[in-house]
Structure formats: C-alpha cells, structure tokens
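Working through the structure, step by step
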Amino acid sequence: MQRSFIARNPSVLIFLALLALFTLVVTVLSEGFGVGVISTSFVKTLGKTLCLCLVAVAMDLVWGFTGILSLGHFAFFGIGGYMIGMWLMYERTRLIVVHSLSQAEIPPTPTEVVDAIGNQIFGVVGSNEFPLIWGFADSLFLQLILMLLVPGLLALVFGWLAFRSRVAGVYLSILTQAMTLALALYLFQNDSGLRGNNGLSGLQNLPNVSAPQSVVSLWFFWGSAFALGLGYLLAAWLVNGKFGSVIRGIRDNEARVRFLGYSVEIYKLVIFTLTAMIAGIAGALYYPQAGIINPAEIAPIASIYLAVWVAIGGRGRLYGAVIGAALVSLLSSWFTGGQAPDIPLGFYTIKWVDWWLVLLGLSFVGVTIFTPKGMGGLVDLWTARRTPNRHGADLGPNAGSLREQEAKQ
C-alpha cells in the first residue's frame, strides 16, 4: 500500500509542528494575548520574518531546485504589497473623508467624495485624480485577486519571452535584475500612479477595525504563519513528485532533460510564474505589518539579499531557505536597530549599523567557499552520522537478503 505524502516526508510534518509551536508560544507571550513578554513591535518583526521566509521558499524553488538565479523575485514581492496597500490606503482615506464631509450642512455628492479622496491620496504628488490602475482599489476582493494576478502575469510574460529564447545562466539573471530596476525606476516617478518616492503609507491601520495594534499584529502574525505553512507544504509536495524530479534534472543537465522529451521551457515557466505569485502573497502580508511601501523596497539590491539568504541557509533545501531568511532577517533587525553594542577599539569604534552589510557580505563569501551546502548542510551532517536501526530488516532489495545481524557476525 502506498504511503501518504506526509508519511514519506516526515521532515514536512516536523517543520509544520515546529511552526505551530512557535506560533503558539509567540501568541501566548504577546501583548495582544495579555502576558506582555513579547512587545507588539517584536511580534510585527517576527511576522515580517515569516513573510520573508515564504518568499525565500519561493526563491529556493526557482533557484535551488530549478537552477534559475532570479534577481527579480523581490519585485513580485513588492507588487503584492502595492496591490493590498492600494485598498488599505483608499478605504482608510475614504472613511476619514466621509466622516469629515458628513459634518457639512449640505451632504456631499459621490463625485465630491471621490475627488476629496483623490486629493488626500495624490495631493502629495500634485494631483487629485485617480489613475487607471486604482480602478479596483475600492474592492478588497478584486485587489486580492490582483495580488496574485499582476505578479503572475508579469512573470508569465517575462518568462515566456526569456525562456522561449533559451536565455539562461548569468544572462537570465541580468535580465531579471534589469526588469526589477526598470520597475523601481518607473515607480519612483510621481506620474506612476503610486505616489512616486512617497509610496503608500499608514498600511498598519485596518479600516473599520477598532482593535489595538497589539491585537492586529497578532492577526497578521497568524496569517503569515499560516501562509508559510501552506507555502512550505505546496513546495515540498512539488519537489517530492515527478515535477520535482524534472526541475532538478533541468538544474543539473538541461540538455539531457530536453533530449528525453520534456518541454523544459514549460517547466521553467510554470515554476517561475508560481513562485512569483507566492512572492506576491508574502509581500501582501509583509507591508501591512511594515506600515509603508515605497519603490526603494523593490530595488535590485533587495533581490540580491534574497539570493544571499537562500545561499546562507542552503539552496536546494526548503528548510535551509527558511533558516537562512529567518536568521539573516532577525540579525539584521538586531544589528541595524541599534540593539547590538558598539565595539570601541581606541583608534576606531565599530558601529554595527554601518558594518552590518559588510558582515553579511563576508558571511555569503564564507558560506560559498567553505560550506556550499549552507546551514542546511549541518542538518545533513547530523542525519548522515545517525546509525540506521533496521531491527533485522532485509539489507537488499529481495526478501532473504543478508540481514543486519548476519552482517555483524
């Protein structure tokens, strides 16, 4: 009888159990729950970290398992944040405008309400008219669909053009980075429709929700943990089936896979588009916890950081991507948040706020040279040293093969 997917992959169950336990512990110790050991700001940091772990899993699928070094996946992450941010900013502004105009002696017309909302949102860039891309900003349902659709369509079009031309290797990485740079430069313009360099702000305030931030932060933390669990489960299911075998074959020897009759371009396009949509979901959960999104968030350097996280954690291992993203994200918050003490050397004082990126770069170089399997390789070493306990089971493929007890004699 064929065993279930979880039975064949106990590491997935272990990961989900650890994630559930972590979520429970943070919830109980949070301010929103009442204990107050963990502050609301740190709950937000942990929630954002879980979102970064999710986009790292997506990056591991496209790079660690398929061999496509994409330096543009953080662009899809940012697009997801913009899609949900548009609704949050529109609805919050609408409530403020409606409340303000309701106090007037003459009730405002719908056109006056829309104009007032537009003036509040786009007045900072010298406009009061809604751009075309804000056409569905008043509908949460439609913006959630766009959260998946826009990153997916962008990845689909870009991937189809690149893969059908058989662009690969470093050239594909440069193209994905160029795509990200072009998108960031466009969004920096005031006439992009997304408030240029000002970005979208106040995203932490949920419309029609009177709950304090300590409770809202827990809601997003739960949502981030749930999304990471589902994303990890989906990724593990993909890589442990026939689809996973094919994309690993593409990574190791693309020409041989093509010779065997597989449509390499289709497999690449599917995984590229799917991971872009996963990145969009992660971004939609991340930026309401961050409170703001602007074009600087999706600059090419952010996608390079994403590749560094996966490399440090160990590409080709889903748990490695999670470990790398979580470790670097939390260390980054600690070093750049002023919590790490400065080190006075007499002639010079090491300030970690200035030296964190140098430390991260050195870590990446060290991992690449000395431990190419990343931190996930430590798990491999531990499992490889464990002595198998077969309890007298057959050591060969056939019944009656040499048994363990006989082999010791």
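Residues numbered from 1 in each chain as written. Predicted model: local features only at pLDDT ≥ 70, side-chain atom pairs only at ≥ 80, totals over all residues. Heavy atoms only, no water.

1. Considering the overall build of the chain
Within the chain one finds 16 helices and 4 strands. Each of the three principal axes of the chain carries a C-alpha extent, and together these read 100 × 60 × 55 Å. For the chain, buried positions account for 44% of its 409 residues. Across the chain, the fraction of contacts at a sequence separation of at least 24, relative to all contacts at a separation of at least 6, is 72%. Of the accessible surface of the chain, which amounts to about 21200 Å², a share of 65% is contributed by carbon and sulfur atoms. (Helix = DSSP H or I, 4+ residues; strand = E, 2+ residues; numbered from the N terminus. Buried < 20%, exposed > 50% of the residue type's maximum accessible area, 1.4 Å probe, protein only. Contact = heavy atoms within 4.5 Å. Areas by Shrake-Rupley, 256 points an atom, 1.4 Å probe, with all protein chains shown as cover.)

2. A look at the side chain of glutamine 143
Mapped onto the fold, glutamine 143 is located in helix 6 (residues 140-164). Owing to a relative accessible area of 0%, glutamine 143 belongs among the buried residues under this scheme.

3. Looking at the packing of aromatic side chains
Tallying each qualifying case throughout the model produces 19 aromatic pairs. Measuring from centroid to centroid gives 6.4 Å for phenylalanine 74 and tryptophan 309, while their planes differ by 80°, and the two rings are edge-to-face. With phenylalanine 74 in helix 4 (residues 73-101) and tryptophan 309 in helix 12 (residues 300-313), this residue pair connects regions lying 235 residues apart in the sequence. For tryptophan 309, a relative accessible area of 9% gives the class buried. A connected cluster of aromatic rings, assembled from ring pairs, spans Phe74, Phe77, Tyr286, Tyr287 and Trp309. The positively charged end of arginine 164 is found above the aromatic ring belonging to tryptophan 160, 4.5 Å away from the centroid. (Phe/Tyr/Trp six-rings, centres within 6.5 Å; stacked < 30°, edge-to-face > 60°. Lys NZ or Arg CZ within 6 Å of the ring centre and 35° of its normal.)

4. Considering helix 11 (residues 264-290)
Between the first and last C-alpha of helix 11 there are 38 Å, a value that for 27 residues agrees with the 39 Å anticipated at 1.5 Å per step. With respect to burial, helix 11 is a largely interior element, 20 of its 27 residues being buried. One or two positions beyond helix 11, positive phi appears at glycine 291, with a value near 90°. (Expected span 1.5 Å × (residues − 1).)

5. Things to note about the packing of helix 8 (residues 213-239) against helix 11
Helices that pack against each other are described as a pair by the angle of their axes relative to one another and the distance between those axes. Between helix 8 and helix 11, the shortest axis-to-axis distance is 10 Å and the interhelical angle comes to 165°. Classified by the interaxial angle, the pair formed by helix 8 and helix 11 is roughly antiparallel. Helix-helix and strand crossings are classified by hand; for helix 8 and helix 11 the assignment is left-handed. Of helix 11, the residues touching helix 8 (which contributes Phe220, Phe221, Gly223, Ser224, Ala227, Leu234 and Leu238) are Leu274, Ile278, Leu285, Pro288 and Gln289. (Axes fitted to C-alpha atoms, helices over the stretch in contact; angles between N-to-C directions. Parallel < 35°, antiparallel > 145°, perpendicular 65-115°, else oblique. Left-handed = near helix turned anticlockwise from the far one by under 90°.)

6. Some thoughts on the side chain of threonine 176
If you trace the backbone, threonine 176 turns up in helix 7 (residues 169-188). Under the relative-accessibility criterion, threonine 176 is labelled buried at 0%. Only 2.9 Å separates the side chain of threonine 176 from the backbone nitrogen of leucine 71, close enough to count as a polar contact. Not counting residues within four places of it along the chain, the set of residues in contact with threonine 176 comprises Leu69, Ser70, Leu71, Gly72, Phe158 and Phe272. (Polar contact = N/O pair within 3.5 Å; in protein donor to acceptor, adjacent residues only side chain to side chain.)

7. A short note on a nonpolar patch on the surface
The grouping of Leu21, Leu24, Val25, Val28, Phe33, Val35 and Val37 at the surface amounts to a nonpolar patch, some 640 Å² of accessible area in total. Within the fold, leucine 21 resides in helix 2 (residues 10-29). (Patch = residues over 30% accessible without salt bridge, like charges linked within 9 Å, V, L, I, M, F, W, Y side chains within 5 Å. Salt bridge = Lys/Arg side-chain N within 4 Å of Asp/Glu carboxyl O.)

8. Remarks on the environment of arginine 166
Structurally, arginine 166 can be placed in the loop between helix 6 and helix 7. Residue classification places arginine 166 among the exposed residues on the basis of a relative accessible area of 55%. Expressed as a C-alpha distance, the spacing of arginine 166 and valine 264, which sit 98 residues apart in the sequence, is 9.6 Å. Excluding residues within four positions of it along the chain, arginine 166 makes contact with Arg258 and Glu265.

9. Let's talk about the nonpolar core
With 112 residues, the main nonpolar core has Phe74, Phe77, Trp134, Leu200, Leu228 and Leu318 as its most contacted residues. Ignoring anything within four residues of it in the chain, the contact list for leucine 228 reads Phe15, Leu19, Leu50, Cys53, Leu54 and Val57. (Core = buried A, V, L, I, M, F, W, Y, C linked by side-chain atoms within 4.5 Å.)

10. A short note on the packing of helix 6 against helix 11
Remark: helix 6 packs on helix 11, axes separated minimally by 8 Å, with the N-to-C direction vectors making an angle of 150°. What the angle tells us is that helix 6 and helix 11 run roughly antiparallel. Helix 11 is crossed by helix 6, and the crossing has right-handed handedness. Facing helix 6, whose interface residues are Met147, Leu148, Pro151, Gly152, Ala155, Leu156, Phe158, Gly159, Trp160, Phe163 and Arg164, helix 11 presents Glu265, Lys268, Leu269, Phe272, Thr273, Ala276, Met277, Gly280, Ile281 and Ala284. By residue class, the composition of the contact of helix 6 with helix 11 is 14 nonpolar, 4 polar and 3 charged. (Nonpolar A, V, L, I, M, F, W, Y, C, P; charged D, E, K, R; others polar.)

11. Quick notes on unusual backbone geometry
Residue arginine 166 is not a glycine yet carries a positive backbone phi of 60°. Even without being glycine, asparagine 208 reaches a positive phi, approximately 60°. Turning to its location among the elements, asparagine 208 is positioned in the loop between strand 1 (200-201) and helix 8.

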